[in-house]
Amino acid sequence: MVNFRKARERMVEVQVMGRGVHDERVLEAMLKVPRHLFVDEALRDQAYSDHPLPIAENQTISQPYIVGLMTESLELKGTEKVLEIGTGSGYQTAVLAELVGRVFSIERYPDLGYRANSILRKLGYDNVIIRVGDGSLGWPDDAPFDGIIVTAGTPTIPQPLVDQLVMGGALIVPVGDMTAQELILVRRVAEGIKKTNLGGVRFVNLVGKWGWKE
Ligand code: SAH
């Protein structure tokens, strides 16, 4: 039986901080969120390992380091309204919920959305709203957002997401082909957008109007 708290401390120290994520609030959030509760019982002992893990519907819970890197890139201070595309297990959602005012998250598969919602409720995250649908369209009713995080890979940056950012807001999104992508940080500035490449990643596909076709 793994000591989950110890495993989590080690995960944050070695995999996340050890690779250069230094935002104290992000590290604190990752120390707090019980990642093992977001995976199947049979996989709990691996929940703090240095890789993604399978969840239902052939999807994955992201590698801890990637969650740290993407979250840090948004430079969150505490009061923001953030949109997540690809709820999946709900782990990234929980990390965001620790860090900001309100989190909106969209998942394409109803069963994943319901499952994530139920665990987030159980853990007491009452600043999260989950919706089932095509997140590549964003969430126009509650836009604009201070930050948007896309946890699935797309061939191009979905324009609706850029349009739903506040001025100065940031979008982090994996852009590339179906097997490999670059993590692109898009900041909305007065002149348009500013892009920074944060390096290579491998995500499951963003399937939707502004992602890959079904
Ligand atoms: N943040 C999640 C990552 C899950 S993998 C976690 O750490 O657990 C990516 C998720 O994006 C999958 O659950 C997949 O079903 C979902 N997804 C793919 N395309 C989508 C779309 N257009 N809208 C919403 N969710 C989508």
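Calculation notes
Residues numbered from 1 in each chain as written. Predicted model: local features only at pLDDT ≥ 70, side-chain atom pairs only at ≥ 80, totals over all residues. Heavy atoms only, no water. Helix = DSSP H or I, 4+ residues; strand = E, 2+ residues; numbered from the N terminus. Buried < 20%, exposed > 50% of the residue type's maximum accessible area, 1.4 Å probe, protein only. Contact = heavy atoms within 4.5 Å. Lys, Arg positive; Asp, Glu negative; His and termini not counted. Charge placed at Lys NZ, Arg CZ, Asp CG, Glu CD. Core = buried A, V, L, I, M, F, W, Y, C linked by side-chain atoms within 4.5 Å. Near = heavy atom within 4 Å. Polar contact = N/O pair within 3.5 Å; in protein donor to acceptor, adjacent residues only side chain to side chain. Areas by Shrake-Rupley, 256 points an atom, 1.4 Å probe, with all protein chains shown as cover. 1 Å grid on protein atoms, 1.4 Å probe; cavity = no way out; pocket = protein on both sides within 12 Å on 5 of 7 lines; lining within 4 Å. Sits in = over half its atoms within 2 Å of the grid points.

1. Some details on the overall build of the protein
Phase 1 of the analysis: The helix and strand tally for the protein stands at six helices and nine strands.
Phase 2 of the analysis: When its C-alpha atoms are laid out on the principal axes, the protein stretches across 50 × 35 × 35 Å.
Phase 3 of the analysis: Each of the 214 residues in the protein was classed as buried or not, and the buried ones make up 51%.
Phase 4 of the analysis: Contacts in the protein between residues far apart in sequence, at least 24 positions, make up 55% of those at least 6 positions apart.
Phase 5 of the analysis: Distance between charge centres in the protein, computed from 24 positive and 27 negative side chains, equals 1 Å.

2. Brief notes about the nonpolar core
Phase 1 of the analysis: Formed by 48 residues in total, the largest nonpolar core has its most connected members in Met30, Phe38, Tyr91 and Val95.
Phase 2 of the analysis: Where this core is concerned, the elements lending two or more residues are helix H1 (4-16), helix H2 (24-32), helix H3 (64-73), helix H4 (91-99), helix H5 (110-122), strand E5 (128-132), strand E7 (165-176) and strand E8 (181-189).
Phase 3 of the analysis: With six residues, H4 is the single largest residue contributor to this core.
Phase 4 of the analysis: For methionine 30, the residues in contact, after removing those within four places along its chain, are Arg8, Met11, Val12, Val16, Pro64, Val67, Gly68, Tyr91 and Val95.

3. Digging into H3
Phase 1 of the analysis: The element H3 is largely enclosed, with a buried count of nine among its 10 residues.
Phase 2 of the analysis: Among the residues of H3, Pro64, Tyr65, Ile66, Val67, Gly68, Leu69, Met70, Thr71 and Ser73 are the ones counted as buried.
Phase 3 of the analysis: The positive-phi residue at the C-terminal boundary of H3 is glutamate 75, with phi of around 50°.

4. As for the site of the ligand
Phase 1 of the analysis: Every one of the 25 residues lining the ligand counts as a neighbour, but Ser89, Glu107, Asp134, Gly135 and Val207 are closest to it.
Phase 2 of the analysis: Glycine 86 places a polar main-chain atom, nitrogen or oxygen, 3.2 Å from a nitrogen atom of the ligand.
Phase 3 of the analysis: Contacts to the ligand include threonine 151, whose side-chain N or O atom sits 3.1 Å from a nitrogen atom.
Phase 4 of the analysis: Contact with the protein chains covers 100% of the free accessible surface of the ligand, which is 580 Å².
Phase 5 of the analysis: Comparing atom positions with the cavity grids shows the ligand to sit within the largest pocket.
Phase 6 of the analysis: Secondary-structure elements contributing two or more residues to the shell around the ligand are strand E2 (60-61) and strand E4 (102-107).

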